[in-house]
Amino acid sequence: MDITLIMLDRRGALTVDSQLQDSDPTDGQKPNDHCAVVGICGTDESFPYILASLKTLQHRGQESAGIATYSDGLIHLKKGMGLVSEVFSSRGNFNDITLEGKVGIGHTRYSTAGSKSMENSGPFLVSNSVGHLAISHNGEITNAERLRSELLKSGMTFRSSSDTEVMLMEISRNIVNHGIIPGLKLSMERLKGAYSITLMINDRLFAIRDPMGFRPLCIGKFQGGYAAASESCALDTIGAEFLRDVKPGEIIEIMPDDIKSILTVPSKKLAHCMFEYVYFARPDSIIDGREVYSARVALGRELAREYPVEADVVFAVPDSGRAQALGFSMESGIEYSEGLIKNRFSERTFIMPTQELRNSALKLKLNVISSEVRGKRIVLVDDSIVRGNTMKRIVDLLRKAGALEVHVRIGCPQIISPCYFGVDMKTKDQFIAAGKTVDEIAKELEVDSLGYISTDGLVRSIQKEKHDLCLACVTGEYPINVHGPTAAGQSELERFIPEDT
Ligand code: SF4
């Protein structure tokens with residue numbers, strides 16, 4: 001694990017101290033979201049609130065974590081590779097360093113643009129004639145490569161391959177040339193793609209969401225201050241009252257005693273990511289007015305209506321398919337049971353070189369309760385299927401445990417197209433559903449029947465208008481122009497590497 005401590009002094013000089021420790025890939029069986037962002041303003045010490053929020057949002061990124069605070073003309077930054085608890089633990093040897101400041105931002109990362117490395121981890125810092133800037137970003141900038149070339153030509157330099165740094169440099173240039181608010185507005189006009197960010201400009205804190213609202217971002221109030229976070233569950237953790245979502249295209253300034261909506265850039269179309277409701281977000285979060293848990297139960301109910309089946313028991317693929325499975329059980333009247341048990345302490349696995357090792361890796365994560373499986377006709381519900389390898393092995397586990405029939409129901413339509421807006425689904429060849437019929441997929445998974453929720457059923461369950469959602473990975477219709485894999489700014493080698501293919 002790399003841990004770096006950086007201090008930016010009044011003149012913007014960098015002091016860097018880093019340690020090399022072991023690195024660890026994250027679990028690749030499900031797609032990963034890009035990041036979580038947090039911002040706190042107003043308390044005597046923002047650091048503990050940011051830390052608690054980041055721990056709550058750990059599910060949005062496990063590669064790296066970082067916090068930047070501002071006090072007395074200084075930016076204090078601590079970041080490192082690994083989980084939040086690893087980066088900010090006593091083992092990190094940074095016990096004696098306090099990140100002082102009433103204002104600060106935090107970040108956890110899973111890379112979708114730019115490789116997994118310390119220099120690509122957030123928050124990012126830069127100094128200019130206006131002062132010190134620090135940014136945390138969730139999403140993906142689709143025109144990052146073009147902007148990077150322009151910025152390089154204008155004499156700017158980069159430390160990383162991350163699109164977040166491109167965004168920061170673009171903002172930095174624009175606020176120097178035009179002032180803070182006009183500069184931010186100009187940046188929003190020039191940056192394309194998905195971004196929910198928290199941004200510090202000296203001691204001023206901003207929460208900004210792209211005009212289509214791809215990724216979530218919300219605002220809360222707690223005793224002595226205000227907070228911005230990717231998901232409302234983080235506000236619950238720090239005892240903050242949820243105030244509202246940041247509107248698509250909105251810039252909010254978060255001050256110690258108030259929040260101020262200072263600008264909204266209009267957009268003709270919204271594109272809230274449907275996958276937040278299907279899988280990414282925690283079920284206890286509320287995103288754009290819809291409780292994630294309720295949406296997932298509704299997905300399960302819809303599945304039961306669309307693909308009824310005669311069976312004895314409903315199982316979830318734990319943990320992500322649980323709410324959908326409950327919904328299926330409630331709607332169908334088929335009993336819900338826990339037939340698969342997940343080892344809570346095996347979240348992170350390594351890429352296994354042989355089939356035998358890959359099978360034992362799955363057993364480390366999941367096991368069956370034989371008495372619940374033997375002689376039963378099972379409905380197995382999961383939130384989504386990307387590659388299908390894990391589903392295939394779970395079906396095999398159930399059959400070996402004596403299941404009579406296995407009927408798979410999936411709370412997301414077939415994933416057939418890459419995502420360029422902050423999710424690590426970058427190439428079509430990852431997807432089991434690309435170019436295949438449902439019958440062909442069922443045969444490959446060796447299941448008795450297979451049902452994917454329809455796109456209309458998905459939209460009904462989320463309770464949003466279809467034109468307000470991004471559905472690109474299941475329809476192939478992108479809400480904004482993209483230019484294939486290069487839009488993600490990734491080389492072949494940096495693309496998503498499946499754990500078990
Ligand atoms: S392409 Fe899919 S995963 Fe990506 S933002 Fe759109 S709905 Fe979400």
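Computed from a prediction, not measured in an experiment: that's the story for all the values here.

(A) Spotlight on the pattern of salt bridges. All chains considered together, the criterion is met by 28 salt bridges. Between R204 and E253 there is a salt bridge, with the nearest N and O atoms lying 2.8 Å from each other. Note that R204 is positioned in strand 10 (residues 204–209) and E253 in strand 14 (residues 250–255), a separation of 49 residues in sequence. For E253, a relative accessible area of 6% gives the class buried.

(B) Fine view of the environment of R204. R204 gets classed as partly exposed once you look at its relative accessible area, which sits at 31%. Sequence spacing of R204 and I254 is 50 residues, and the spatial spacing of their C-alpha atoms is 7.4 Å. Dropping the residues within four chain positions of it, R204 is found in contact with I180, I181, L199 and E253.

(C) Focus on unusual backbone geometry. With an omega dihedral of -5 degrees, the bond running from G122 to P123 counts as a cis peptide bond. Mapping P123 onto the fold places it in the loop between strand 6 (103–109) and strand 7 (124–128). With omega at -10 degrees, the peptide bond leading from P318 into D319 counts as cis. The residue D319 is located in the loop between strand 19 (313–316) and helix 9 (322–332) in this model. Even without a glycine there, the phi angle at N202 is positive, about 55 degrees. Along the chain, N202 turns up in the loop between strand 9 (193–201) and strand 10. Phi is positive for E446, which is not a glycine, with a value near 60 degrees. Tracing the sequence through the fold places E446 in the loop between helix 13 (438–445) and strand 24 (449–452).

Procedures and definitions
Residues numbered from 1 in each chain as written. Predicted model: local features only at pLDDT ≥ 70, side-chain atom pairs only at ≥ 80, totals over all residues. Heavy atoms only, no water. Salt bridge = Lys/Arg side-chain N within 4 Å of Asp/Glu carboxyl O. Helix = DSSP H or I, 4+ residues; strand = E, 2+ residues; numbered from the N terminus. Buried < 20%, exposed > 50% of the residue type's maximum accessible area, 1.4 Å probe, protein only. Contact = heavy atoms within 4.5 Å.

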